[in-house]
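Observations on the three-dimensional arrangement
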Amino acid sequence: MESILVLTHADETGSALTKASLEAITAGQELSARLSAPLAIGILAADTTPLTKGLPSAGPRPLAVSGEAFAQPRYSTDAAALEALCRAAQPTIVLAPASSRFARVAAAVAHRLGGFIDTHIAALGGPESASPGTLEATRWFYRQRVEAVLTRETRPWFLLLDAGVAKPFAPDPSAVPPQIEQVPVQLPTLRTTVTGLRAPTQGAQTIRPDAKLLLVAGAGWTKKQPDGQAHVPEAASLILGFLSATGASLGSSKSLVDQGSEGNSVLPFLTHLNQVGQTGATPRHAKGLSTCCHGEEPHVVGWRFIASRRAISLDPNCGWTRGKADVVYIADAFQVIAKLNALLETAKP
Ligand SMILES: Cc1cc2nc3c(=O)[nH]c(=O)nc-3n(C[C@H](O)[C@H](O)[C@H](O)COP(=O)(O)OP(=O)(O)OC[C@H]3O[C@@H](n4cnc5c(N)ncnc54)[C@H](O)[C@@H]3O)c2cc1C
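Residues numbered from 1 in each chain as written. Predicted model: local features only at pLDDT ≥ 70, side-chain atom pairs only at ≥ 80, totals over all residues.

Moving on to the environment of Ile330. Mapping Ile330 onto the fold places it in strand S14 (residues 327–330). A sequence separation of 313 residues divides Ile330 from Leu17, and the C-alpha atoms of the two residues are 45 Å apart. Once you skip the residues sitting within four places of it in the chain, Ile330 turns out to touch Ser313, Leu314 and Pro316. (Helix = DSSP H or I, 4+ residues; strand = E, 2+ residues; numbered from the N terminus. Contact = placed C-beta atoms within 7 Å.)

So, in structure tokens, the structure goes:
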């Protein structure tokens, strides 16, 4: 019979579980119900007290590794903590969010336990009729073009869950917090001291995975415009103005981000991390607005999970008009975004 352990960790504030951890809890609950398998939830945090509020008091077995050594992500302490949680729960299936913290150590923990790991899991399922239920894990290969359904005999089977696999578990503030079982950890020799975090300032951060809207900038922003001139500084100010007014995330076509390495004038806030497409990212936002981009297949394949798509292009024969967008505005994006920014400015509360 299967038994499930969901691994979770605190967010940067230390006072709540990460959203991805809450999604993993829901995935664990659903799987536990389907397989009739016992469920344990393992928490990794400096202090677990604020994290247990609202967690189910009956049902899952709550385990924790806590202490100052676990306040910051660090390979040696995180790997030791997850190993201890796994040895305490003795699961056959381990679900964990694919956060940078867990993605870094999960393969090592699976190895220490003699198990197997699969990453980038996009869905958990299995044949409804099978009894006892079996687990099938789905993931994409080749940039979301090939979908694979995996089963494995090896146990424990570790599965790193991509964001959005399940709805985040909603803690019930009125629930009695569960009695947490603290799992002791033999701390390894600490060679790494975490002295702090350095992150780009808020304004400089243009990739916002939680934003509802994705704005994509294409190479057209830096091309010669009808007046025979390129208007790169104006393009930069229009794009940044739109991002600041809407909180949208910024994506880019490959042609635009490549310009930096080719020595041409380029928008300074764009890097290859912004690139969307076959050789770039496949972001998940409810809406997408493409600007000055031709909508070629290697780019649009990265829009696979964008539900509602609009594009602004000067070219009535661009890829977007060929069924790749819901709405295409054949218009000058400089003018449209300038107008939009002005409307957003007046609509400010
Ligand atoms: C193996 C391989 C992998 C690739 N992977 C990727 C990938 O991951 N991501 C990716 O993006 N591409 C990828 N590409 C490249 C892709 O095929 C295209 O070359 C690229 O997406 C084109 O970028 P673009 O549309 O921004 O530029 P362009 O093709 O130059 O298009 C610019 C567009 O801007 C429009 N425009 C210009 N001025 C304005 C204006 N004022 N208002 C409105 N519209 C205007 C023009 O009409 C034109 O349609 C890949 C290619 C290959 C071969």
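Of all the bends in helix H3 (residues 100–112), the greatest, near 40°, is centred on Ala106. Structurally, H3 contributes buried residues whose contacts are with strand S1 (4–9), helix H2 (75–89), strand S4 (93–97), strand S5 (116–125) and strand S8 (157–161). A positive phi of about 70° marks Gly114, the residue just after H3. (Bend = angle between axes of the 7 residues up to and from the residue.)

In the vicinity of the ligand, 30 residues are found, and the nearest of them are Gly218, Gly220, Ser253, Gly277 and His299. At the level of elements, helix H5 (254–261), helix H6 (297–300), strand S13 (308–313) and helix H7 (333–346) are the ones that each hand at least two residues to the shell around the ligand. For the shell around the ligand, the leading source of residues is H5, giving three residues. Of the residues contributing to the shell around the ligand, the split by class is eleven nonpolar, 14 polar and five charged. (Near = placed C-beta within 6 Å. Nonpolar A, V, L, I, M, F, W, Y, C, P; charged D, E, K, R; others polar.)

This paragraph deals with the nonpolar core. With 55 residues, the main nonpolar core has Leu85, Leu95 and Ala96 as its most contacted residues. Excluding anything up to four places from it in sequence, Ala96 contacts Leu7, Ala24, Phe102, Ala106, Phe158, Leu160 and Leu161. (Core = buried A, V, L, I, M, F, W, Y, C linked by C-beta atoms within 7 Å. Buried ≥ 20, exposed ≤ 12 C-beta atoms within 10 Å, placed from the backbone.)

What follows deals with the pairing of S5. As judged from the four bridges shared by S5 and S8, these two strands associate in the parallel manner. Bridging from a neighbouring strand, Phe116 pairs with Trp157 of S8. Where S5 and strand S6 (residues 136–141) come together, four bridges link them in antiparallel fashion. Pairing of Leu124 across the sheet is with Ala137, part of S6. (Pairing = 2+ DSSP bridges.)

All right, on to the sheet that holds strand S12 (residues 287–291) then. Taken in spatial order, the five strands line up as S11-S10-S12-S13-S14 in an open sheet, and their pairing is parallel. Because the sheet does not close on itself, it has two edges, and the strands there are strand S11 (249–252) and S14. Going from strand to strand, the sheet's axes swing by 20° on average, the running direction of each strand aside. Judged from the four bridges that link them, strand S10 (residues 213–217) and S11 form a sheet pairing that is parallel. Bridge pairing in S11 links Ala217 to Ser252. (Axes fitted to C-alpha atoms, helices over the stretch in contact; angles between N-to-C directions.)

All quantities given are derived from atomic positions and should not be read as evidence of function.
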